[in-house]
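Observations on the model geometry
This is what each chain is made of:
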Amino acid sequence: MRLVVDLNKCQGYAQCAFLAPDVFAMHGEESLVYNPRADEGQRERLARAVAACPVQAITADGLDGPAGGTAGSAGEASDGR
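So, a few notes on the structure that sits alongside this text. (Residues numbered from 1 in each chain as written. Predicted model: local features only at pLDDT ≥ 70, side-chain atom pairs only at ≥ 80, totals over all residues. Heavy atoms only, no water.)

Time to look at empty space enclosed by the protein. Any space left empty among the atoms is revealed by the rolling of a water-sized probe across them. With the rule as written, the count across this model stands at one cavity of 30 Å³ or more. Taken together, 14 residues make up the lining of the largest cavity; nearest its centre are Cys 10, Tyr 13, Ala 14, Cys 16 and Cys 53. A per-class count over the lining of the largest cavity returns 11 nonpolar, three polar and no charged. (1 Å grid on protein atoms, 1.4 Å probe; cavity = no way out; pocket = protein on both sides within 12 Å on 5 of 7 lines; lining within 4 Å. Points joined across faces, edges and corners; volume = space filled by probe spheres on them. Nonpolar A, V, L, I, M, F, W, Y, C, P; charged D, E, K, R; others polar.)

Structural data, given as structure tokens:
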């Protein structure tokens, strides 16, 4: 699983650090540090952290199962397109 955080979008709300503290941490009040190669055992916590980001700054490749999609991509084409 590979994580990418767009630090230009990140506003330091720290929801990710609260939900997945083994992967994300705040350094000071506004600077986020994270492990871009998260352990497979963190999958559920990471999914919650990605979903909770109010500015959608976190992308997680491989979070949606064996297809290796981006978190949040499930159901994009569910309208029949």
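By size, the foremost hydrophobic cluster in this structure holds 17 residues, and its most contacted members are Leu 3, Val 23, Phe 24, Leu 46 and Ile 58. Within the residue set of this core, elements represented by two or more residues are strand S1 (2–5), helix H1 (15–19), helix H2 (43–52) and strand S4 (58–61). Excluding residues that lie within four positions of it along the chain, Val 23 makes contacts with Leu 3, Val 33, Tyr 34, Asn 35, Ala 38, Gln 42 and Leu 46. (Core = buried A, V, L, I, M, F, W, Y, C linked by side-chain atoms within 4.5 Å. Buried < 20%, exposed > 50% of the residue type's maximum accessible area, 1.4 Å probe, protein only. Helix = DSSP H or I, 4+ residues; strand = E, 2+ residues; numbered from the N terminus. Contact = heavy atoms within 4.5 Å.)

Bear in mind that shape data such as this cannot, by itself, settle questions of function.
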